[in-house]
Amino acid sequence: MGPQQDRSAAKPYANGTAATAPGSGRKENKVVRYKECQRNHAASIGGHAVDGCREFMASGAEGTAAALLCAACACHRSFHRREVEAECDCSSDNSGVAR
């Protein structure tokens, strides 16, 4: 068997967002966005050419295989640059408040 994976980690969804695992006690939500396509279409001839796709758009409903293909360039989501943005829910945080 392979190495153990952390199953409590946030799982990305096809729409570009991720949610924290329920009951994990974390207050931080991470938003994952897939930006420009980095697939090299000229790799077979020794060159470098990208298609110019600026952002991943899922071509199917969430949970289907089509959700992993880009509607604009037809590449798999893994070819698109991944950006992770952390959003902090600090509304219940009392640290740094003088009483």
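The model shown is predicted, which means the values in this text are computed figures rather than measured ones. (Residues numbered from 1 in each chain as written. Predicted model: local features only at pLDDT ≥ 70, side-chain atom pairs only at ≥ 80, totals over all residues. Heavy atoms only, no water.)

Let's talk about the overall build of the protein
Each helix and strand in the protein was counted, giving zero helices and four strands. In the protein, the order of α-helices and β-strands from amino to carboxyl end is β-β-β-β. The buried share of the protein, reckoned over its 99 residues, is 17%. Here the contacts in the protein between residues at least 6 apart in sequence split such that 41% fall between residues at least 24 apart. If you sum the accessible surface of the protein, you get close to 7,300 Å²; carbon and sulfur atoms cover 50% of it. (Helix = DSSP H or I, 4+ residues; strand = E, 2+ residues; numbered from the N terminus. Buried < 20%, exposed > 50% of the residue type's maximum accessible area, 1.4 Å probe, protein only. Contact = heavy atoms within 4.5 Å. Areas by Shrake-Rupley, 256 points an atom, 1.4 Å probe, with all protein chains shown as cover.)

Quick look at the packing of aromatic side chains
The final tally for this structure, using the stated rule, is one aromatic pair. Measuring from centroid to centroid gives 6.0 Å for Y34 and F56, while their planes differ by 65°, and the two rings are edge-to-face. In this pair, Y34 sits in strand β3 (residues 28–37) while F56 sits in the loop between β3 and β4 (80–88), placing the two residues 22 residues apart along the sequence. For R39, the ring lying beneath its charged end belongs to F79, and the centroid distance is 5.3 Å. (Phe/Tyr/Trp six-rings, centres within 6.5 Å; stacked < 30°, edge-to-face > 60°. Lys NZ or Arg CZ within 6 Å of the ring centre and 35° of its normal.)

Considering unusual backbone geometry
Positioned with a positive phi, A74 is a non-glycine residue whose angle comes to about 65°. Topologically, A74 is positioned in the loop between β3 and β4.

Examining the environment of H48
For H48, the location among the structural elements is in the loop between β3 and β4. Residue contacts for H48: discarding those within four places in its chain leaves N40 and A42.

Remarks on the nonpolar core
V32, Y34, C37, C53, F56, C70, C73 and C75 form the largest nonpolar core, which has eight residues in total. Setting aside chain neighbours within four positions, we find C75 in contact with C37, R39, H41, D51, L68, L69, C70 and H80. (Core = buried A, V, L, I, M, F, W, Y, C linked by side-chain atoms within 4.5 Å.)

A closer look at the environment of C53
By the element assignment, C53 lies in the loop between β3 and β4. Residue C53 is classed as buried on the basis of its relative accessible area of 9%. Between the C-alpha atom of C53 and that of R39, which follows or precedes it by 14 residues, the distance is 9.7 Å. Among all residues touching C53, those that are not within four sequence positions of it are E36, C37, C70, A72, C73 and H80.

Some points on the confidence of the model for the protein
In the predicted model, the protein carries a mean pLDDT of 77, and 60% of its residues have values of at least 70. Per-residue pLDDT, averaged within each element of the protein, yields its smallest value for strand β1 (residues 11–12) (50) and its largest for β3 (87). (pLDDT = per-residue confidence, 0-100.)

Re the state of the cysteines
Covalent bonding between the sulfur atoms of two cysteines defines a disulfide. One pass over the full model with this rule turns up zero disulfides. The cysteine C53 is free of any disulfide, with C70 supplying the nearest cysteine sulfur at 3.8 Å. In this structure C73 is a free cysteine whose sulfur lies 3.7 Å from that of C75, the closest cysteine sulfur available. Residue classification places C73 among the buried positions, given a relative accessible area of 17%. (Disulfide = S-S within 2.5 Å.)

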